[in-house]
Amino acid sequence: MFANPSYPSYRIFLAAFIAAVVTMVLMPFFIRLMRREHVGQQVRADGPGTHLVKQGTPTMGGIVILVGAMVATALQAKWTPDLVIAVAATLLTGSLGLLDDIESVAHARSLGLTPSQKMAGLILISVVFCLCAVNICAIPPFVEFPGGFSVNLGVLTSVFTIGGHTIMVPWLYMLFVFLLMAGLSNAVNLTDGLDGLAGGCCLVVLLIMSMVAFSYDEANLAVYAGALAGALVGFLWFNCYPASIFMGDTGSLALGAAFAALAVLTKTEITSLIMGGLFVVEALSVIIQVVSFKLTGKRVFLMAPLHHHFEKKGWSETKVVIRFWIISAAFAALGFALYFQLR
């Protein structure tokens, strides 16, 4: 007997399958298009010497990841307000990443938009997302910690009436959501430095987030997370070493924003930082490196982000990627276990 198509678990797995198939079918055409248009990755001049062969590898594969996920979500999910704002946050952040990729390719350099331009875009996206989450989806402006401890970030809330509609602006929670979304987006972006690294780690985290959303009775968000995970399966087929395509900022920023949006909408903001612990560690390695060099003139790591440090120590790229996948899975499992302390 086949499962009832209305079962959430059936829809989640089918969405993942559809997204994987769509991504795998479209990606070869996209790769050929990028090669024909000479749209390739710009490698850091100060990066590991072994990465020089990656120069010119097609990028912006995040476009196909998002297309695959959106097709699957549209077929298997109902467009509830929480799903709409999660998808909107993902696509808008992905569009910001696309502009960054285009700028990078146009000027033939590894840097695209300026930090201030990226930050302005992330502020706008996160603020609008937070206001919609609080006022449309009734997301409470507090954060919960494992063990039942919670902090109310809605203590400084302004209330405005516009056109007969009451709009609450929880200033502290809005700041928190910005830090979460901007932080995770940039952390995933920093992790995207080796073939298959960011894609594999995001795949693990999004599978866990799909399980979280399912247990939180948010079936449509679970379908969406599953669709993103499925699209990453299709992407990794072409992104594994040696990569034929990179996701670019289009993919990494969008995936980080999707992770943050799902965390807010399932009230797992704090445990999401544990689930995505590998991303947090990668971002912290960059911060530590910069602060240490500015204060002491010395570097803590051979190179930051952390994955490059281990490359410099002589680890092969595939060894770093697989071991980081394992660490990411361990963080995700720990975060999922701690999540149930909040239930």
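About the cut-offs
Per chain, the residues get numbers from 1 upward, laid out in the order the sequence is written. Totals for whole chains, interfaces and linings use all residues, but because this is a predicted model, local features are given only for residues with pLDDT of at least 70 and pairs of side-chain atoms are given and counted only at 80 or more. The side-chain numbers reported here are obtained from all heavy atoms of the structure, hydrogens and water having been left aside. Classification of residues uses two cut-offs on accessible area relative to the type maximum, computed with a 1.4 Å probe and protein chains only: under 20% is buried, over 50% is exposed, and between them is partly exposed. Secondary structure elements are taken from DSSP: a helix is a run of H or I of four residues or more, a strand is a run of E of two residues or more, and numbering for both begins at the N terminus. Note: two strands are recorded as paired if DSSP finds a minimum of 2 bridges between them. Angles run from 0 to 180 degrees between N-to-C directions of axes, and those axes are lines fitted to C-alpha atoms, restricted for helices to the stretch in contact. Orientation categories follow fixed angle ranges, with anything under 35 degrees roughly parallel, anything over 145 roughly antiparallel, 65 to 115 roughly perpendicular, and all other angles oblique. Working rule for handedness: look at the near helix, and if it is turned counterclockwise from the far one by less than a right angle, call the crossing left-handed; if clockwise, right-handed. For this analysis, residues touch if any pair of their heavy atoms sits within 4.5 Å. Each residue is assigned to one class: nonpolar for Ala, Val, Leu, Ile, Met, Phe, Trp, Tyr, Cys and Pro, charged for Asp, Glu, Lys and Arg, and polar for all the others, Gly among them. Pairing of N or O atoms within 3.5 Å defines a polar contact, subject to two protein rules: one partner must be a possible hydrogen donor and the other a possible acceptor, and residues neighboring in sequence count only if both atoms are side-chain atoms. Take the number of residues in a helix, subtract one, and multiply by 1.5 Å to get its expected span.

For this particular structure, what's the right way to read the pairing of strand 3 (residues 157-162)?
Moving residue by residue along a regular strand, the side chains alternate between the two faces of the sheet. With respect to burial, strand 3 is a largely exposed element, only zero of its six residues being buried. Looking at chain direction, strand 3 and strand 4 (residues 165-170) are connected through six bridges and run antiparallel. Paired with isoleucine 162 across the bridge in strand 4 is histidine 165. In this structure, the hairpin formed by strand 3 and strand 4 is closed by a connection of two residues, where glycine 163 is found at a positive phi of approximately 60°.

What am I meant to see in the packing of helix 6 (residues 197-215) against helix 7 (residues 219-239) here?
Between two packed helices, both the angle of their axes relative to each other and the distance between the axes serve to describe the pair. Two numbers describe how helix 6 lies on helix 7: the axes approach to 8 Å, and their chain directions differ by 160°. The angle between the axes of helix 6 and helix 7 places the two elements in the roughly antiparallel class. The chirality of how helix 6 crosses helix 7 is left-handed. The residues of helix 7 that touch helix 6, namely those facing Gly199, Gly200, Cys202, Leu203, Leu206, Leu207, Met209, Ser210, Ala213 and Phe214, are Ala219, Leu221, Ala222, Ala225, Gly226, Leu228, Ala229, Leu232, Val233 and Leu236. Grouping the constituent residues of the contact of helix 6 with helix 7 by class yields 16 nonpolar, four polar and no charged.

Explanation requested: the side chain of serine 285 in the structure shown.
Tracing the sequence through the fold places serine 285 in helix 10 (residues 277-296). With a relative accessible area of 2%, serine 285 lands in the buried category. For serine 285, the side chain forms a polar contact with the main-chain nitrogen of leucine 306, separated by 3.1 Å. For serine 285, the residues in contact, after removing those within four places along its chain, are Phe301, Ala304, Pro305 and Leu306.

Looking at this model, I keep getting lost on helix 7. Mind explaining?
For the α-helix, the turn length of 3.6 residues means that residues three or four positions removed from each other point alike. A rise of 1.5 Å per residue sets the reference length of helix 7, with its 21 residues, at 30 Å; its end C-alpha atoms lie 29 Å apart and thus fit the reference within 8%. The element helix 7 is largely enclosed, with a buried count of 19 among its 21 residues.

So what exactly am I meant to see when it comes to the environment of cysteine 130 here?
Here cysteine 130 shows up in helix 4 (residues 115-135). The exposure class assigned to cysteine 130 is buried, which follows from its relative accessible area of 0%. On a C-alpha basis, the gap between cysteine 130 and serine 158 in space is 14 Å, while along the polypeptide they are 28 residues apart. Leave out the neighbours within four places in its chain, and cysteine 130 touches Tyr173, Met174 and Val177.

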